[in-house]
Structure formats: structure tokens, C-alpha cells
Amino acid sequence: METGKLVVGRVGDKSTVTRCFSKYPLKFIIPTKAGRSETDAVWIYTLTYGGGIVSGDCISVDLTVEDGCTAVLTTQASTKVYKSVALKCSEQMMEIQ
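Remember, predicted model here, so these are calculated numbers, not experimental data.

Novice: Please clarify how the overall build of the chain should be interpreted in this entry.
Specialist: A tally of helices and strands in the chain yields zero helices and nine strands. Helices and strands appear in the chain in the N-to-C order β-β-β-β-β-β-β-β-β. Taking the principal axes of the C-alpha coordinates as reference, the chain spans close to 50 × 25 × 15 Å. When each of the 97 residues of the chain is scored for burial, the buried share is 26%. Pairs at least 24 residues apart make up 64% of the contacts formed inside the chain by residues separated by at least 6 positions.

Structure representation (C-alpha cells):
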């Protein structure tokens, strides 16, 4: 049921995504070029195909942020949840360590 797994670890002196896996209907975008910042943080955007959570979608994300690392997990916009069709429920779970 897992549709996404991310691990943020230290590479050199920076927080970096060291493991990234996703499958339909989930996708991750990790920009490699970000603006200047005083904070060492890796930015992770979650996206769903179809523009939101549709009837029957089951999304499960497991994110591990190792000691000394910083991550920002966000979306490009608010996540739409579409009306269920034929009693097909949708689910979204997230476990962050």
C-alpha cells in the first residue's frame, strides 16, 4: 500500500534526499536549485496525478529525516479531494520520523 518513501540524510554538510520512491497516484518533486537561504533544508513537493485525491486513491507516505537534517514537505497548492464515486473511499496516510 506504500506509494511513497523518502529518506533525508546528510551528504557532506547538507541535508539531501538519499532515497526517493513513489508510484501512482503520487509523485515527488525535489528542486535542485533553490534560492539562497541561511537554513540548510531540502524542499520536497508532493503531487498527485489527476489534480487531487480522486475516488479510490490510497496514498501512503513514509518520510524519515535523519539526525541533523532539515526537510520541508509541502504541495504546490491545496490538495483537492474529489467526491467519491460508487462508495469508493479515498485514503491518505503519512508517517514521519
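Right, picking up where we left off after that structure.
Novice: Can you help me understand the environment of Pro31 in this one?
Specialist: Inspection of the secondary structure puts Pro31 in the loop between strand S3 (26-29) and strand S4 (42-48). With relative accessibility at 36%, the residue Pro31 sits in the partly exposed group. Expressed as a C-alpha distance, the spacing of Pro31 and Glu91, which sit 60 residues apart in the sequence, is 27 Å.

Novice: Looking at this structure, I do not really get the pattern of salt bridges. What am I missing?
Specialist: Side chains that differ in charge, positive against negative, can pair when their charged atoms come close. Considering all chains together, one arrives at two salt bridges under this definition. A salt bridge links Lys5 to Asp62; the shortest N-O distance between them is 2.9 Å. Of this pair, Lys5 sits in strand S1 (residues 4-11) while Asp62 sits in strand S6 (residues 58-65), and the two are 57 residues apart along the sequence. With respect to class, Lys5 is no different from Asp62; both count as buried. A salt bridge links Arg10 to Asp40; the shortest N-O distance between them is 2.9 Å. Taken together, the residues Arg10 in strand S1 and Asp40 in the loop between S3 and S4 connect sequence positions 30 residues apart.

Novice: Where do I start with the sheet that holds S6 in this structure?
Specialist: Strands pair in a sheet through their backbones, by hydrogen bonds, and they do so in one of two ways: parallel or antiparallel. In space, the four strands of this open sheet follow the order S2-S1-S6-S9, with mixed pairing throughout. The two strands at the open ends of the sheet, each matched to only one other strand, are strand S2 (14-22) and strand S9 (91-96). Taken pair by pair, the neighbouring strands of this sheet meet at an average axis angle of 15°, ignoring direction. Pairing of S6 with S9 involves six bridges; the strand directions are parallel. The residue bridging Ser60 from the neighbouring strand is Met93, located in S9.

Thresholds applied
- Residues numbered from 1 in each chain as written.
- Predicted model: local features only at pLDDT ≥ 70, side-chain atom pairs only at ≥ 80, totals over all residues.
- Heavy atoms only, no water.
- Helix = DSSP H or I, 4+ residues; strand = E, 2+ residues; numbered from the N terminus.
- Buried < 20%, exposed > 50% of the residue type's maximum accessible area, 1.4 Å probe, protein only.
- Contact = heavy atoms within 4.5 Å.
- Salt bridge = Lys/Arg side-chain N within 4 Å of Asp/Glu carboxyl O.
- Pairing = 2+ DSSP bridges.
- Axes fitted to C-alpha atoms, helices over the stretch in contact; angles between N-to-C directions.

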